[in-house]
Amino acid sequence: MMIKKIQWMALVVTVLPFCLFSGISFSKEQSEKPVLTTELSAKAAMAAIKQCESDGFKVSVAIVDNAGLLKVQLKADGAGPHTLDSSRRKAYTANSLRGPTQRYAELIVKSPDLHSLARMNEHILLLGGGFPIKMGGEIVGGIGVGGAPGIKFDEVCAREALKVLQAEELFE
């Protein structure tokens, strides 16, 4: 009887951990999931600020994560206060809609039935200067630049950030 109890306890001790932790996976695939780190986001945002400054523009840059939550936001010295809101909303829009904000701005002009897209929620801004950030085959966030005199200038600066992030699409 004592031997059976010992055998049973050995079985429980051996098998129990597998039962308890069977829902946890430590696969190589999960460990290689792309992560948009705060440190890399800050470097990318600074690269966008510097590009715009070298072009003579004072802007704000925002980077959001895949949930649309703000990761990093920088405002260049002398940039207008409105640039903070526009950069954040462009980053949110690019991430949420999974495409460049200018694409959607042009789309609603061509298709009036899509005008409600611009009013979907208070975070959406259909104005050029925002791009999704794609890494490892998936969109991990968005970047928005606001404050340059024209969307083409905002986009040039945002592309500099995408280069720092080594994003898969540079939208050139």
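Up top is the structure.
Values in this document were obtained by computation on a predicted structure and should not be read as measured data.

Asks: Can you help me understand the packing of aromatic side chains in this one?
Replies: Given two aromatic rings, one states the distance between the centres and the angle between the planes to describe the pair. Evaluated as defined, the whole model comprises two aromatic pairs. Relative to Phe153, the ring of Phe57 lies with its centre 4.8 Å away and its plane at 50°, an arrangement referred to as tilted. Note that Phe57 is positioned in the loop between helix 3 (38-54) and strand 1 (60-65) and Phe153 in helix 6 (residues 151-165), a separation of 96 residues in sequence. Relative to Phe171, the ring of Phe131 lies with its centre 4.8 Å away and its plane at 10°, an arrangement referred to as stacked. With Phe131 in strand 3 (residues 130-135) and Phe171 in the segment after helix 6, this residue pair connects regions lying 40 residues apart in the sequence. Each member of the pair, Phe131 as well as Phe171, is classed as buried.

Asks: Mind showing me how you'd approach the environment of Cys52 here?
Replies: Within the secondary structure, Cys52 is located in helix 3. When the C-alpha positions of Cys52 and Ala158 are compared, they lie 9.1 Å apart, and in sequence the two are 106 residues distant. With sequence-adjacent residues up to four places away left out, Cys52 is seen in contact with Phe57, Val59, Val145, Phe153 and Cys157.

Asks: Just checking my understanding: could you explain the sheet that holds strand 1 for this structure?
Replies: Within a sheet, each strand pairs with its neighbour through backbone hydrogen bonds, oriented either parallel or antiparallel. Ordered by their spatial adjacency, four strands build an open sheet running 2-1-4-3, and the pairing between neighbours is antiparallel. Either end of the sheet is taken by a strand with one partner, and the two such strands are strand 2 (70-75) and strand 3. Neighbouring strand axes in the sheet, compared pairwise and without regard to direction, differ in orientation by 15° on average. One ladder, built from six bridges, connects strand 3 with strand 4 (residues 138-146); its direction is antiparallel. If you follow Phe131 over to strand 4, its bridge partner there is Ile143. Where helix 4 (residues 82-97) meets the sheet, its contacts fall on strand 1, strand 2, strand 3 and strand 4, and the angle it forms with strand 4 comes to roughly 155°.

Each value, and the rule that gives it
- Residues numbered from 1 in each chain as written.
- Predicted model: local features only at pLDDT ≥ 70, side-chain atom pairs only at ≥ 80, totals over all residues.
- Heavy atoms only, no water.
- Phe/Tyr/Trp six-rings, centres within 6.5 Å; stacked < 30°, edge-to-face > 60°.
- Helix = DSSP H or I, 4+ residues; strand = E, 2+ residues; numbered from the N terminus.
- Buried < 20%, exposed > 50% of the residue type's maximum accessible area, 1.4 Å probe, protein only.
- Contact = heavy atoms within 4.5 Å.
- Pairing = 2+ DSSP bridges.
- Axes fitted to C-alpha atoms, helices over the stretch in contact; angles between N-to-C directions.

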